[in-house]
Amino acid sequence: MEQRNKNWLNQMFSEPVLIAGPCSIESEEQIVGVARDLKKRGAHLLRGGIWKPRTRPNSFEGLGTIALPWLKKASVQAGLPCMIEVASAEHVELALAYEVDMIWIGARSTVNPFTVQSIADALQGVDIPVWVKNPVNPDLNLWIGAIERIQNSGIKKIAAIHRGFSSYGNKKYRNPPHWEIPIELRRLLPELPMICDPSHIGGSRELLLEIAQYALHLNYGGLMMEVHPDPDLAWTDSKQQILPSTWQSIILQLFHPQDKKIEAHVSDKLQKLRTEIDAVDFEILELISKRMEIVKKIGAHKFINQLSILQLERWNEIKESRAEKMYSYQFESNFLDSFLGIVHQESIRIQSDIFEELKKQDNSSNENH
Ligand code: PEP
Ligand code: MN
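Residues numbered from 1 in each chain as written. Chains lettered and ligands numbered in written order. Predicted model: local features only at pLDDT ≥ 70, side-chain atom pairs only at ≥ 80, totals over all residues. Heavy atoms only, no water.

Novice: What is the right way to read the overall build of the chain from this model?
Specialist: Each helix and strand counted, the chain has 14 helices and 8 strands in total. Its C-alpha atoms give the chain principal-axis dimensions of about 85 × 55 × 40 Å. With the model as given, the accessible surface of the chain reaches about 20300 Å², and the carbon-plus-sulfur share is 54%. Positive and negative side-chain charges in the chain, numbering 42 and 47 respectively, have mean positions lying 3 Å apart. (Helix = DSSP H or I, 4+ residues; strand = E, 2+ residues; numbered from the N terminus. Areas by Shrake-Rupley, 256 points an atom, 1.4 Å probe, with all protein chains shown as cover. Lys, Arg positive; Asp, Glu negative; His and termini not counted. Charge placed at Lys NZ, Arg CZ, Asp CG, Glu CD.)

Novice: Teacher, can you tell me more about the layout of surface pockets here?
Specialist: It is the rolling of a water-molecule-sized probe over the atoms that shows where space remains empty. A volume near 530 Å³ is recorded for the largest pocket. Around the largest pocket, the lining is made up of 15 residues, and of these Ile284, Ile288, Met326, Phe339 and Leu340 lie nearest the centre. Residue classes in the lining of the largest pocket are distributed as 12 nonpolar, no polar and 3 charged. In this structure, the second largest pocket is lined by 11 residues; those nearest its centre are Trp179, Glu180, Tyr214, Glu332 and Asn334. Residues that form the lining of the second largest pocket fall into these classes: 5 nonpolar, 3 polar and 3 charged. Two domains each donate at least three residues to the lining of the second largest pocket, and these are domain 1 (3-253) and domain 2 (264-368). (1 Å grid on protein atoms, 1.4 Å probe; cavity = no way out; pocket = protein on both sides within 12 Å on 5 of 7 lines; lining within 4 Å. Points joined across faces, edges and corners; volume = space filled by probe spheres on them. Nonpolar A, V, L, I, M, F, W, Y, C, P; charged D, E, K, R; others polar. Domains from an automatic or database assignment.)

Novice: What am I meant to see in the packing of helix H6 (residues 113-122) against helix H7 (residues 140-152) here?
Specialist: Describing two packed helices takes the angle between their axes plus the distance from one axis to the other. As a packed pair, H6 and H7 sit with axes 9 Å apart at the nearest point and diverge in direction by 20°. Comparing the axis directions of H6 and H7 gives the class roughly parallel. As H6 runs across H7, the sense of the crossing is right-handed. For the pair H6 and H7, contact is made by Pro113, Val116, Gln117, Ile119 and Ala120 and by Leu142, Ala146, Arg149 and Ile150, respectively. (Axes fitted to C-alpha atoms, helices over the stretch in contact; angles between N-to-C directions. Parallel < 35°, antiparallel > 145°, perpendicular 65-115°, else oblique. Left-handed = near helix turned anticlockwise from the far one by under 90°. Contact = heavy atoms within 4.5 Å.)

Novice: Looking at this model, I keep getting lost on the side chain of glutamine 30. Mind explaining?
Specialist: Of note, glutamine 30 is situated in helix H2 (residues 28-40). Beyond its immediate chain neighbours, meaning those up to four positions away, glutamine 30 contacts Pro22, Ser24, Ile25, His228 and Pro229.

Novice: What should I look at first to understand the site of ligand 1 in this one?
Specialist: Near ligand 1 the following residues occur: Cys23, Arg47, Lys52, Glu85, Trp104, Gly106, Ala107, Arg108, Lys133, Arg163, His200 and Glu226. Its free accessible area being 290 Å², ligand 1 has 97% of it covered by the protein chains. Tallied by class, the residues present in the shell around ligand 1 amount to 3 nonpolar, 2 polar and 7 charged. (Near = heavy atom within 4 Å.)

Novice: I keep staring at the pairing of strand E1 (residues 17-21) and nothing clicks. Help me out?
Specialist: Each regular strand carries side chains that alternate between the two faces of the sheet. Most of E1 is tucked away, with 5 of its 5 residues classed as buried. Of the two faces of E1, the one lined by Val17, Ile19 and Gly21 and the one lined by Leu18 and Ala20 are each fully buried. Relative to strand E8 (residues 222-226), E1 is paired through 5 bridges, and the arrangement is parallel. Note that in E8 the partner of isoleucine 19 across the bridge is methionine 224. (Buried < 20%, exposed > 50% of the residue type's maximum accessible area, 1.4 Å probe, protein only. Pairing = 2+ DSSP bridges.)

Next comes the structure, spelled out in structure tokens:
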């Protein structure tokens, strides 16, 4: 059975680590009050926005340095370590001057290697945990690059925050999660703790529970959520912020997998089911390979008859006939689209390879005549 890796985060906190607090700090009373309330309700870390990177100018951009002593006071009074977003070397210096416990790099900063590097330079010789949010665009290497820059500055305690990726026209999520990207990051960097930020993925209160639960099913190490004493009147991100009581009720509803205490009979059953899955996966691969062998023959046939590889009519026919069949299996509709899409892409690649090969053969036989 998989065990969670012992990393710096789960050595420090019980899992899942629960980070909560307002999107923006708006007053001393706000942050002091919400911190006390959150501590009572089981939070482990207090977040609070000091400088807010906003998409459009003339929006509230955070109170800035004036709010730092308020955050520190709230943190000390409540007994909750605090964390803030930094977006420049100057922010790092201020965070250190006010003894903020941890810092994170926001999604709009992770996209920019210059920004990340200047933050990394300011962190030389400092021992503070640094959290790196994913970049706004779905680019895994950019995320890894930011983590490496922070690592190179000598920081030992680094964690990733998955907050979703911006997209044009997606209706359900504010920032669609693309779960496959953080999963791949965890595969590549298994020691790196990873938590989820359902607030910025969902963008609305109704989605928080569903996203948080999904993250725990994927064995994430924690959750960062935006909590505000009066969410409807919040100066930033009001639609996604919740009351401390709502936050607690979400946390209490979450099913938390306890992989560490897995019982032997559960593990046996799981092992049996996994063996079945293994067999099915190998069968699927066998079948796909069989399909591709036919594709090669089709490629040769198209070449000889000077037909183009992509035949849109046939592609439509494939999609429609398979959709009808898939309907009865109750898969999500975009599963079929993605699955057929990549199979078709690979078929086209194989056919174009066949075309190249046959072209070469043709050329060399012409040269020999
Ligand atoms: C935030 O945490 O308030 C924030 C601005 O997040 P992100 O960088 O994910 O947009
Ligand atoms: Mn926010």
